[in-house]
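Spelled out, the chains give:
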Amino acid sequence: GPMGHQGGPGAPPGPPQRNPMAAQQEEERRRREAERQRAEDEDRRRREAERQRAMAEQAKRRQEEDDRRRKQMEEDRRRREEEQARRAAEAARKREEEEARRREGAAALAVRKVIQRVRIATPETYDNLRAELEEAQQQHLEAMGSQADRVSQEAQQTLEQTQKRIDDVIRKREEDERKRIEMEQRKKEEAENVERLLKEMKEEVEKIEGII
């Protein structure tokens, strides 16, 4: 009877035996596929690394830019503060100078008022006014600051000029007094002469009358 599926010589073949050539091609295909996959993976990894590096580079640049901006802002702020401080110091110095000038001016004025009074002094008031001027100078010397020298010169000149004028006044007064005394003396002598003459005339008349 027939062999059926017993696999005898007349039976149809089982799964075909693989061709060694085909197996080699399959192996080659798989190897190429694996190679391609590896290359793709490698490429992806490389691109990822590249992307990471680019991001890190960008982050670093951003950080550097931020640092630079922050430094610049710090620098600007510091410069602004320095400028403000310089302006404030300048304003304070100017205020101080103006205040000092005002103080100097007020002190100088106080002394100059006494100088004015010395200028119109009389022999009777001169000594007191001179003492007052010296006292005023002493009192305001420090406050006059840069004006002290000039005011001191003015005071000195005024004292010298006034002293000279006072000396002239005293000399003139003495001269006038001497003239007045001389004049009175002359008047007295003249009056005495007139009186003597009158007396002599009277005696003369009496003598004549006595003869007659």
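Residues numbered from 1 in each chain as written. Predicted model: local features only at pLDDT ≥ 70, side-chain atom pairs only at ≥ 80, totals over all residues. Heavy atoms only, no water.

Draft legend 1. Structural view of the overall build of the chain. Helix and strand content of the chain: three helices and zero strands. Reading the helices (α) and strands (β) of the chain from amino to carboxyl end gives α-α-α. Computed over its C-alpha atoms, the radius of gyration of the chain comes to 67 Å, more than 25% above the 17 Å expected for a compact globule of 212 residues. Referenced to the eigenvectors of the C-alpha coordinate spread, the extents of the chain come out at roughly 250 × 20 × 20 Å. For the chain, the share of sequence-separated contacts (at least 6 apart) that also reach a separation of at least 24 residues comes to 70%. (Helix = DSSP H or I, 4+ residues; strand = E, 2+ residues; numbered from the N terminus. Rg over C-alpha atoms; globule rule 2.2 N^0.38 Å. Contact = heavy atoms within 4.5 Å.)

Draft legend 2. Looking closely at helix H2 (residues 126–144). Maximum bend of H2: about 35°, positioned at Gln138. Here the buried face of H2 lies against helix H1 (20–119) and helix H3 (148–211). Just downstream of H2, Gly145 is the residue with a positive phi angle, here 50°. (Bend = angle between axes of the 7 residues up to and from the residue.)

Draft legend 3. A look at the pattern of salt bridges. Per the stated rule, a full pass over the model turns up 43 salt bridges. Two residues, Arg70 and Asp67, come together in a salt bridge whose shortest N-O distance is 2.9 Å. Note that Arg70 and Asp67 are positioned in helix H1 at a spacing of three residues, about one turn of the helix. The partly exposed category is assigned to Arg70, whose relative accessible area is 49%. Taking relative accessible area as the criterion, Asp67 reaches 25% and is therefore assigned partly exposed. Residues Glu175 and Arg178 are paired through a salt bridge, measuring 2.6 Å at the closest nitrogen-oxygen approach. Placement of both Glu175 and Arg178 in helix H3 is noted, with a separation of three residues, approximately one turn of the helix. Taking the relative accessible area as the measure of exposure, Glu175 reaches 30% and is therefore partly exposed. (Salt bridge = Lys/Arg side-chain N within 4 Å of Asp/Glu carboxyl O. Buried < 20%, exposed > 50% of the residue type's maximum accessible area, 1.4 Å probe, protein only.)

Draft legend 4. Looking closely at the nonpolar core. By size, the foremost hydrophobic cluster in this structure holds 17 residues, and its most contacted members are Val111, Ile115, Val118, Tyr126, Leu133, Met144 and Val151. Of all the elements, H1 adds the most residues to this core, at six residues. Among residues more than four places away in sequence, those in contact with Met144 are Glu104, Ala107, Ala108, Val111, Gln137 and Val151. (Core = buried A, V, L, I, M, F, W, Y, C linked by side-chain atoms within 4.5 Å.)

Draft legend 5. Geometry of the side chain of Thr158. Here Thr158 lies in helix H3. Excluding residues within four positions of it along the chain, Thr158 makes contact with Ile115, Val118 and Arg119.

Draft legend 6. Summary view of H1. Counted at 1.5 Å a residue, the expected span for H1 with its 100 residues is 148 Å, and the 143 Å between its end C-alpha atoms agrees. Against H2 and H3 lie the buried residues of H1. (Expected span 1.5 Å × (residues − 1).)

Draft legend 7. Representation of a negative patch on the surface within the structure. Side chains of Glu189, Glu190, Glu192 and Glu195 sit close together on the surface and give a patch of like negative charge. With respect to the helices and strands, the residue Glu192 is situated in helix H3. (Patch = residues over 30% accessible without salt bridge, like charges linked within 9 Å, V, L, I, M, F, W, Y side chains within 5 Å. Areas by Shrake-Rupley, 256 points an atom, 1.4 Å probe, with all protein chains shown as cover. Lys, Arg positive; Asp, Glu negative; His and termini not counted. Charge placed at Lys NZ, Arg CZ, Asp CG, Glu CD.)

Draft legend 8. Main features of the packing of H2 against H3. At a minimum axis separation of 10 Å, H2 and H3 run at an interaxial angle of 175°. Classed by the angle they form, the pair H2 and H3 counts as roughly antiparallel. Contact residues: Tyr126, Arg130, Leu133, Gln137, Leu141 and Met144 in H2; Ala148, Val151, Ser152, Ala155, Leu159, Thr162, Gln163 and Ile166 in H3. Of the residues contributing to the contact of H2 with H3, the split by class is nine nonpolar, four polar and one charged. (Axes fitted to C-alpha atoms, helices over the stretch in contact; angles between N-to-C directions. Parallel < 35°, antiparallel > 145°, perpendicular 65-115°, else oblique. Nonpolar A, V, L, I, M, F, W, Y, C, P; charged D, E, K, R; others polar.)

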